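A look at the structure
Each chain is listed here by its residues.
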Amino acid sequence: MTIANTLKQKIADAASISVEEVSLEHPADLKNGDYSSGVALQYAKQVGVAPRALAEKIVAALGTIAGVARVEVAGAGFINFYLAPAALAEAVETAHTEDMWGSNVTLAGKKILVEYTDPNPFKEFHIGHLMSNAIGESIARLLQFSGAEVKRANYQGDVGPHVAKAVWAVKTGKVAGGSWGDAYIVGNKAYETDEVAKKEIDEVNAQVYSRSDSLINSIYDTGREASLKHFEDLYEILGTKFDHYFFESETAQRGLKLVRAHPEVFEESDGAVVYKGEQDGLHTRVFVTSKGLPTYETKDLGLAELKAETCEFDTSITVTAHEQSDYFKVVLAAMKKVLPEVASKVQHISHGMMRFAEGKMSSRTGNVITGESLLLDLIDAAKIRAAESRADDADALAQQIAVAAIKYQILKQASGKDIIFDRERALSLEGDSGPYLQYAHARACAIGEKAKEQGVVAATDASVEPSDLVRFLHRFPEAVEYAAAHREPHLLTNYLLEFAALFNSWYAQVQVLDGSTSSPHKVALVDAVRRTLKNGLWILGIPAPERM
RNA sequence: GCCCUCGUAGUUCAAUGGAUAGAACUGCGCUCUUCUAAGGCGUUAAUGUAGGUUCGAUUCCUACCGAGGGCACCA
């Protein structure tokens with residue numbers, strides 16, 4: 001950034017001090033300029049000059065900076081920079097003409113594998129999977145928009161006790177016609193309350209692994225395929241396309257081999273094979289049970305190896321709920337010793353859990369809310385509004401609005417915190433919401449369409465005094481880069497909300513197609529706004545319908 | 001007991017060590033003869049407690065209080 005560099009160089013002339021890094025930020029209030037620095041406040045004491053006086057000296061030494069219209073000293077000693085109209089008009093022009101407006105190249109050439117969603121065949125698609133999907137997809141897109149070559153991975157548990165429970169329930173005719181998620185619920189309950197059933201399920205579990213029973217094989221194969229197909233339908237609605245699918249059935253043996261090959265890393269304890277995490281300030285975890293079965297820890301080691309063999313990557317990210325944070329640290333500590341090269345590329349991103357406002361725990365069918373039922377409820381609710389819209393396909397629009405509503409709720413807050421999900425709030429589709437952003441985008445599209453009809457051709461005019469809307473639009477690329485650097489979609493969500501609010505407010509005051517000579521410029525600006533919202537929504541993984 | 005997250009308006013969330021701590025929902029009052037009122041405008045209301053570091057702390061450090069999660073054969 002030229003401003004930061006100039007500031008850094010000239011501050012020495014002004015105060016005879018050297019600074020390694022100058023703070024330069026976007027003031028929250030646009031009145032305070034496009035950029036602002038607090039260096040004078042920071043170094044006033046060291047130099048022995050009052051902050052404002054030092055700021056004045058620095059400003060005097062700065063001279064002219066390309067693209068900056070004026071520099072002011074304000075408040076206690078802040079140095080505020082106001083960009084020149086031409087520099088801001090350039091941002092509008094870029095946003096109006098460039099498809100990739102807002103992208104950056106900070107990760108160019110980097111290969112990144114992102115694993116997320118991770119549902120289990122034979123079980124329901126839970127809220128947690130929905131959260132992991134929304135966050136993982138958005139992080140993948142943020143990295144992509146920053147120039148990285150991103151591959152999406154999904155790791156699913158297709159073997160284990162949960163599978164046996166569902167298969168047993170079907171085999172014994174305990175469920176008929178229900179979903180595989182229902183079968184799991186029935187099997188799980190029987191496992192906990194019925195001794196005979198428990199024994200049978202354990203047997204089924206062994207048979208699933210050994211594939212020794214043809215009836216069980218048939219139920220298993222049918223169920224696995226149906227579950228995976230069903231998940232695919234959900235991914236289609238959610239807008240995710242995975243490049244790689246990994247299954248626990250592939251990672252178990254691999255993991256066991258790795259553990260057995262490293263007796264110096266793992267030790268035996270009470271018949272089980274464990275990793276003593278205490279040596280790394282963590283806790284002990286079991287990798288192989290006393291029955292010789294691999295636990296999830298071991299499977300994760302196998303998964304890491306399998307990922308590295310399947311595709312090349314510089315970084316491998318796994319997105320999970322926060323409850324697995326400590327677990328992951330132990331696995332990573334063990335991995336550093338078993339697969340050091342892979343371990344050095346592994347990163348874990350965790351998110352909070354979704355909780356529900358009291359008394360709103362059940363779905364429309366009266367059951368516990370799953371990720372799927374939540375989505376279906378929202379689609380239903382959105383249909384009423386969609387039917388009154390201008391959309392050609394109301395059902396398709398209802399789906400897009402529902403996805404926006406739910407993803408926005410997840411992506412609007414810092415990912416470390418739990419999310420209190422209030423259905424009423426999400427279903428209202430108003431205010432601080434995904435549909436609000438979509439609506440602003442649809443409005444911008446409508447103006448573009450009308451401009452075309454009237455034959456008004458967009459043309460940016462660098463001499464027009466820039467509005468707050470333009471100055472905020474100029475910050476978009478930096479907002480993307482900032483969010484990508486922190487792997488925090490909510491930082492972009494916040495920017496987009498504020499940007500959309502600014503646009504809506506501007507829209508209420510300004511008539512774009514008023515037949516005046518300023519129309520072409522305003523049409524260009526509206527198109528720049530449209531692309532900013534479109535690209536921003538794309539990064540969040542939220543569809544941007546052109547008509548609502 | 002130890003470890004990890006986290007405590008901000010009545011509620012759900014923001015705030016890159018900076019300027020008057022921002023929104024949304026709720027309440028009340030305006031606003032469609034003008035490009036979409038899923039919109040806009042106005043109005044009340046908050047940093048858990050006690051110290052520390054700093055020119056400046058919601059943010060960093062320490063202690064306490066409170067919430068959620070994790071801590072051996074589940075995933």
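All figures in this text were calculated on a predicted structure; none of them were measured in a lab. (Residues numbered from 1 in each chain as written. Chains lettered and ligands numbered in written order. Predicted model: local features only at pLDDT ≥ 70, side-chain atom pairs only at ≥ 80, totals over all residues.)

What follows concerns the protein's contact with RNA strand B. What surrounds RNA strand B is a group of 78 residues, the closest being Gly75, Asp270, Thr289, Gln413 and Gly431. Elements with a minimum of two residues in the surface near RNA strand B: α2 (39-47), β3 (78-83), β8 (272-275), α12 (325-338), α14 (371-387), β13 (419-421), α17 (434-454) and α20 (489-509). Here the surface near RNA strand B is composed, by residue class, of 33 nonpolar, 29 polar and 16 charged. (Near = placed C-beta within 6 Å. Helix = DSSP H or I, 4+ residues; strand = E, 2+ residues; numbered from the N terminus. Nonpolar A, V, L, I, M, F, W, Y, C, P; charged D, E, K, R; others polar.)

When two helices pack together, their arrangement is given by the angle between the helix axes and the distance between those axes. For the pair α17 and α20, interaxial distance at closest approach is 10 Å and the crossing angle is 45°. Viewed along their axes, α17 and α20 adopt a mutual orientation that is oblique. In this structure, α17 meets α20 at a crossing whose hand is left-handed. Here α17 contributes Tyr436, Leu437, Ala440 and Arg443 to the contact with α20, which in turn contributes Leu496, Leu497, Ala500, Phe503, Asn504 and Tyr507. The residue makeup of the contact of α17 with α20, split by class, is 8 nonpolar, 1 polar and 1 charged. (Axes fitted to C-alpha atoms, helices over the stretch in contact; angles between N-to-C directions. Parallel < 35°, antiparallel > 145°, perpendicular 65-115°, else oblique. Left-handed = near helix turned anticlockwise from the far one by under 90°. Contact = placed C-beta atoms within 7 Å.)

Judged by pairing direction, the sheet is parallel, and its 5 strands sit side by side in the order β6-β5-β4-β10-β11 without closing on themselves. Taken across any chain shown, the strands that pair with only one partner, and hence form the sheet edges, are β6 (244-247) and β11 (346-351). Strand-to-strand twist in this sheet, taken as the mean axis angle between neighbours without regard to direction, amounts to 25°. Here strand β5 (residues 149-156) pairs with β6 via 4 bridges, running parallel. Bridge pairing in β6 links tyrosine 155 to phenylalanine 246. (Pairing = 2+ DSSP bridges.)

For strand β10 (residues 315-321), the tally of buried residues reaches 5 of 7 residues, placing the bulk of the element in the interior. Two elements, strand β4 (residues 111-115) and β10, share 4 bridges in a ladder whose sense is parallel. Opposite isoleucine 112, over in β10, you have threonine 315 as the bridge partner. Bridge count for β10 against β11 is 6 bridges, and the pairing is parallel. Its bridge partner lying in β11, threonine 320 is registered against serine 350. (Buried ≥ 20, exposed ≤ 12 C-beta atoms within 10 Å, placed from the backbone.)

Attention now goes to the sheet that holds β3. Pairing in this open sheet of 3 strands is antiparallel, and the strands run β1-β3-β2 from one edge to the other. The strands lining the two open edges of the sheet, one partner per strand, are β1 (35-37) and β2 (68-74). Taking the axes of each pair of neighbouring strands and ignoring which way they run, one obtains an average angle of 20° across the sheet. In this sheet, β3 lies alongside β1 in antiparallel orientation, the contact comprising 3 bridges. Looking at β3, one finds that tyrosine 35 is bridged to phenylalanine 81.

When cut into domains, chain A gives domain 1 (3-83), domain 2 (111-351) and domain 3 (371-540). A C-alpha centroid distance of 36 Å is found between domain 2 and domain 3. Taken together, the contact between domain 2 and domain 3 spans 22 residues of the former and 21 residues of the latter. Counting only elements with at least two residues in the side of domain 2 that touches domain 3, the list comes to α5 (127-145), α9 (214-238) and β11. No other element matches the 12 residues that α5 contributes to the side of domain 2 that touches domain 3. Class assignment for the residues of the side of domain 2 that touches domain 3 results in 14 nonpolar, 6 polar and 2 charged. (Domains from an automatic or database assignment.)

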